[in-house]
Amino acid sequence: MSGAPSRTLSPTDPVVPLPQVRPGAAARPGGGASAAPRWPWWLLAGLAGTGLQLLQPQLWATSVYAALAAAALAALFIARLGHAGQRRAGQLVAPLIAVAVAVAVAAFAVTGWRAELALATRLDPGLEGRELRISGRVASLPKHAPGRIGFEFEVERGTDGDTEVALPRRVLLAWHAARDGTGALPAVRAGERWALWVRLKRPHGELNPHGFDFERWLFERGIGATGSVRRAESAERQRGSDDLGGAVLRARQRVRDAIAAQVPDPRRAGVLAALAVGDQGAIDRDDWAVFRRTGVAHLMAISGLHVTMFAWLAGALVGALWRRSTRLTLWHPAPWAARWGGLCAAAGYALLAGWGVPAQRTLAMLTAVVLLQSLGRRWPTALILLAAAGVVAVGDPWALLQPGFWLSFGAVALLLASAPAAGGEATPEPSGAARRLAHAAARGLRTQAVVTAGLAPLTLLCFQQVSVVGFVANIVAIPLVTLLVTPLAVAGVAVPALWSAAALILQGLDGVLAALSAWPGAVWTAPSAPAWAAAAGLLGGALAVLPLPWPLRWLALPLMLPLALPPVAAPPVGRFELVALDVGQGSAVLVRTHGRLLVYDAGPAFAPGVDAGSRVLLPVLQARGERVVDLLMLSHRDEDHVGGAAAVLAGVPVRALSSSLEAGHPLLAGSVVPHTRCAAGQRWTWDGVAFEVLQPAAAADPAARPNTLSCVLRVRDAAGHSALLTGDLEAAQERALVQALGDRLRSDLMMVPHHGSRTSSTGVLLDAVRPSTAFVQAGYRSRFGHPAADVLERYAGRGITVQRSDRCGAWTWTGDGPGRCERQAERRYWHHGG
């Protein structure tokens, strides 16, 4: 995510090499053939209990989780007491099931208790909006944008005036340049200590169907508040001693700065920073788009493949140096030193690179391999994979919510499951360098084919898209990035000139990827699929790569088809669906008939290069299966209504544009989309649904204040349901509309004009429209104070229900019932108010 802080992962993490295991051997850690161990079943039960808890809409009381944990422990104790006798009698099924259930309940309870502890650290609501003085440490690599710096901050002390207050341990801050352009932003660096004046608010983000869950991202990172730096002139850089965390942060900052100094091209420097220190935010937005389209985004950030390669190289170096000392080899053999040296180096690399889920998973697997080899024991790779999943989940239960967790573990599981069945004579290793190279290339092609085919359904399920050119792109990119660019990026810490060599390789790779990305149909996109289609698609992906008879494997195609081409719901002819998206302080509404789509406004620009069009509208349109916008209507020129329009025009085919924009507006300059100026009296019908523009008058002055020119649209279906979209209509225009149209304004649903400003929503308009429901799109704790309290009282006094995007999230209305609030329908306990 760009915009949002997540990366799109794909699936080429390798299988950690292990000693060969005899079939049937090593079922238990003690070695030798024996009955299958039971701990994997307990671990699976624990993962299931953890996953179930993550679905809770709200947390229960601490006493409930404590009672569940106590009951689970009691059940385990009782099962243990009765185990011996039942084993002698051959009756093991019932106690095994009981133990599995008890483990699942215990995992559920512990995860719930940990979630309560995490939520308890969030900002006290009474401190929201107050100017507070905090001191602490910059806890992440700062992200720079024009006029803005963003960073995480570890709070060590906070005061409200002269009173010390309890604040979250970790907050996310934005430091903006002065609006008048005076004053430069300071050089904020990771690990530095500062004393700052800030204004904080509780974690809150836009919540839309199938959209990025910013509140979950904050919760997973332990961030208890977001805010902005105030009184910049009073900020103080402080001195202080460093612990290990501070030392790592400073080291990451130094490496990133050194890369930027060595590599003049900021785009190549950003990729190298991502590979060396895990700074994904340094990668250019356009580069991320190419990486995603070509399916190589997983290579441009720290993955399990990188950690494994680093461990192998470091282990080889340690082993070679160890053999040069007779004393050391007599103390411990060189292979032992190579294993532990490689593991320690991989741990340091993972720590320096930000400690992401793929790195955690790979490090857990490497640790298991090294321990087992050191103890002379052997486990099948599948058991090590399962143990690694358990370790990651114990450390971070909410990692189970990340697509990267499932893609990373899924890739390795598919490779294990698709391996030819054991038996028969082993294929001898070919002789000769050329034949060995060809054999290795063939194995690499097979691995990539398995991962590409097997994970395509999971990728579609997580991201509603899959790269069609990904197989070819990865064949080129994996060896270059893994064997050349990443080692050079890490080695550049010691020899900075190597970064220049890595940048040259990236330049060549970028040309290949750009060409593949430009291919027609390079990416297959699909709407969000129902649960049955998702299950069928995942089964199909597994069948496609499992070593099964071909008649069974061909079943993969019909099974995956509903996921690739899922059914798309649409209103019946004569009806419409309205979706008021959650875009913060701005406006964006979808009106869908049976076969047509109208988009009314495109939301705000949040920051340079980040807007509601790319962050909200395009993902929602893709997830809904909306491939064409039949009409984009921009009510007026204010940035909170047109800030995302350029992204929409660039990202999806738009057949027509209607607006009150002046002729020289940048959105119209050079646009090939037919444009019509909205004017009262324009009418059309789509699929039995009538549309009519009520405002502005055709003779309105184009130079008038933008709000007064707001395009007002009325929609009415064959069943008599109607909606009135008002833009930023103000009091004078409201009175003019009522005077001209009177009872013709009557509608079931109305957009609250101007986000609930005191300049709008006059009693005259409300009495003429007489809606049963109104919706208002406004940001959480908007600096404009929208919607105003006295305006809301005006609606309440007339019995009009108001749906607020800051409390409801996206709101969907079809004319039947009260509508659907995304924040209530998809409630999870980490959501604001949960």
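Residues numbered from 1 in each chain as written. Predicted model: local features only at pLDDT ≥ 70, side-chain atom pairs only at ≥ 80, totals over all residues. Heavy atoms only, no water.

(A) A look at the overall build of the protein. Regarding its fold elements, the protein presents 27 helices and 27 strands. With respect to the three principal axes, the spread of C-alpha positions in the protein is 95 × 65 × 60 Å. Long-range contacts, defined as pairs at least 24 residues apart, comprise 71% of the intrachain contacts of the protein with a sequence gap of at least 6. Working note: accessible area of the protein is about 37,000 Å², and carbon and sulfur atoms make up 61% of it. Separation of charge centres in the protein, based on 78 positive and 57 negative side chains, amounts to 10 Å. (Helix = DSSP H or I, 4+ residues; strand = E, 2+ residues; numbered from the N terminus. Contact = heavy atoms within 4.5 Å. Areas by Shrake-Rupley, 256 points an atom, 1.4 Å probe, with all protein chains shown as cover. Lys, Arg positive; Asp, Glu negative; His and termini not counted. Charge placed at Lys NZ, Arg CZ, Asp CG, Glu CD.)

(B) Geometry of a nonpolar patch on the surface. Residues Val468, Trp524, Leu561 and Leu565 make up a contiguous nonpolar surface patch of about 390 Å² in total accessible area. Following the sequence through the fold, Leu565 ends up in the loop between helix H19 (556–564) and strand S11 (577–580). (Patch = residues over 30% accessible without salt bridge, like charges linked within 9 Å, V, L, I, M, F, W, Y side chains within 5 Å. Salt bridge = Lys/Arg side-chain N within 4 Å of Asp/Glu carboxyl O.)

(C) Geometry of the pairing of strand S24 (residues 773–776). Residues Thr773 and Phe775 point to one face of S24 and Ala774 and Val776 to the other, with burial holding for every one of them. The pairing of strand S23 (residues 749–751) with S24 spans 3 bridges and is classified as parallel. Bridge pairing links Met751 to Phe775 in S24. The β-α-β motif built from S23, the intervening helix H24 (residues 763–769) and the parallel element S24 has right-handed crossover chirality. In this view, the connection linking S24 to its parallel neighbour strand S25 (residues 801–804) by way of helix H25 (residues 789–797) has right-handed handedness. (Buried < 20%, exposed > 50% of the residue type's maximum accessible area, 1.4 Å probe, protein only. Pairing = 2+ DSSP bridges. Right-handed = clockwise from strand over helix to strand, strands pointing away.)

(D) The arrangement of the environment of Ala605 in detail. Within the fold, Ala605 resides in strand S14 (residues 605–607). With 80 residues separating them in the primary sequence, Ala605 and Thr685 have C-alpha atoms 32 Å apart. With sequence-adjacent residues up to four places away left out, Ala605 is seen in contact with Val610, Asp611, Glu639 and Gly643.

(E) Looking closely at the pairing of strand S22 (residues 722–725). Of the two faces of S22, the one holding Ser722 and Leu724 and the one holding Ala723 and Leu725 are both buried throughout. Bridge count for strand S21 (residues 712–716) against S22 is 4 bridges, and the pairing is antiparallel. Paired with Arg716 across the strands is Ser722, a residue of S22. Connecting S21 to the next strand, S22, in antiparallel fashion are 5 residues, including Gly720 with a positive phi near 95 degrees. As defined by bridge partners, S22 adjoins S23 across 2 bridges and the pair is classed as parallel.

(F) Here's a closer look at the state of the cysteines. Going through the model one piece at a time under the given rule, you end up with 2 disulfides. The partner cysteine of Cys808 in its disulfide is Cys821, sulfur to sulfur 2.0 Å. Its S-S torsion of about -110 degrees marks the bond between Cys808 and Cys821 as left-handed, since a negative value means left-handed. Here Cys821 lies in strand S27 (residues 820–821) and Cys808 lies in helix H26 (residues 805–808), a separation of 13 residues in the sequence. Among the residues examined, Cys821 registers a relative accessible area of 12% and is labelled buried. Numbered in order of appearance, the disulfide-bonded cysteines of the protein are paired 1-2, 3-4. (Disulfide = S-S within 2.5 Å.)

(G) Region of the structure containing the sheet that holds strand S18 (residues 675–677). Strands sit in the order S18-S17-S16-S13-S12-S11-S26-S27 across an open sheet of 8 strands; the sheet is mixed. The sheet is open, and its two borders are formed by S18 and S27, each paired with just one other strand.

(H) Representation of helix H5 (residues 244–262) in the model. Helix length check: H5, at 19 residues, gives a terminal C-alpha distance of 27 Å against a target of 27 Å (1.5 Å per residue), a fit within 8%. For H5, the complete set of buried residues consists of Gly246, Val248, Leu249, Ala251, Arg252, Gln253, Val255, Arg256 and Ile259. Close packing links the buried residues of H5 with strand S1 (131–138), strand S2 (143–145), helix H6 (266–277), helix H10 (334–352) and helix H16 (497–517). Among the residues of H5, the N-terminal cap falls to Asp243, whose side-chain oxygen and the backbone nitrogen of Gly245 are separated by 3.2 Å. (Expected span 1.5 Å × (residues − 1). Polar contact = N/O pair within 3.5 Å; in protein donor to acceptor, adjacent residues only side chain to side chain.)

(I) View of the packing of H5 against H16. Running from N to C, H5 and H16 point in directions that differ by 65 degrees, and their axes come no closer than 9 Å. Classified by the interaxial angle, the pair formed by H5 and H16 is roughly perpendicular. The two elements H5 and H16 cross, and the hand of that crossing is right-handed. Residue-level inspection shows Val255, Ala258, Ile259 and Gln262 of H5 in contact with H16, the latter providing Ala497, Trp499 and Ser500. Residues that form the contact of H5 with H16 fall into these classes: 5 nonpolar, 2 polar and no charged. (Axes fitted to C-alpha atoms, helices over the stretch in contact; angles between N-to-C directions. Parallel < 35°, antiparallel > 145°, perpendicular 65-115°, else oblique. Left-handed = near helix turned anticlockwise from the far one by under 90°. Nonpolar A, V, L, I, M, F, W, Y, C, P; charged D, E, K, R; others polar.)

(J) View of the pattern of salt bridges. In this structure the tally under the stated criterion is 39 salt bridges. With its nearest N and O atoms 3.2 Å apart, the salt bridge here joins Glu131 to Arg199. Here Glu131 is found in strand S1, whereas its partner Arg199 is found in strand S6 (residues 193–201), with 68 residues between them in sequence. With a relative accessible area of 24%, Glu131 lands in the partly exposed category. Since its relative accessible area comes to 33%, Arg199 is described here as partly exposed. For Glu215, the salt bridge identified is with Arg823, shortest N-O distance 2.9 Å. One end of the pair, Glu215, is in helix H4 (residues 214–220); the other, Arg823, is in helix H27 (residues 822–825), with 608 residues separating them in the sequence.

(K) Here's a closer look at helix H15 (residues 470–491). Along H15, the helix axis deviates most sharply at Val481, where the bend reaches about 45 degrees. Buried within H15 we find Gly470, Ala473, Asn474, Ala477, Ile478, Val481, Thr482, Val485, Thr486, Leu488, Ala489 and Val490. Those residues of H15 hidden inside the fold are in contact with H6, helix H8 (304–323), H10, helix H14 (433–463), strand S9 (465–467) and H16. (Bend = angle between axes of the 7 residues up to and from the residue.)

(L) How the structure looks around the packing of aromatic side chains. Evaluation of the coordinates by the stated rule reveals 24 aromatic pairs. When the centroid spacing of 5.4 Å and the interplanar angle of 45 degrees are considered together, the rings of Trp60 and Phe108 count as tilted. Taken together, the residues span a long stretch of sequence, with Trp60 in the loop between helix H1 (39–53) and helix H2 (62–89) and Phe108 in helix H3 (residues 93–119) at a distance of 48 residues. Exposure remark for Trp60: the relative accessible area of 42% places this residue in the partly exposed category. Residue class for Phe108 comes out buried when judged on its relative accessible area of 9%. With a centroid separation of 6.4 Å and an interplanar angle of 65 degrees, the aromatic rings of Phe151 and Phe153 are classed as edge-to-face. An identical accessibility class is assigned to Phe151 and Phe153; each is buried. Three or more aromatic residues joined by ring pairs make a cluster, and in this case those are Phe219, Trp398, Tyr829 and Trp830. (Phe/Tyr/Trp six-rings, centres within 6.5 Å; stacked < 30°, edge-to-face > 60°.)

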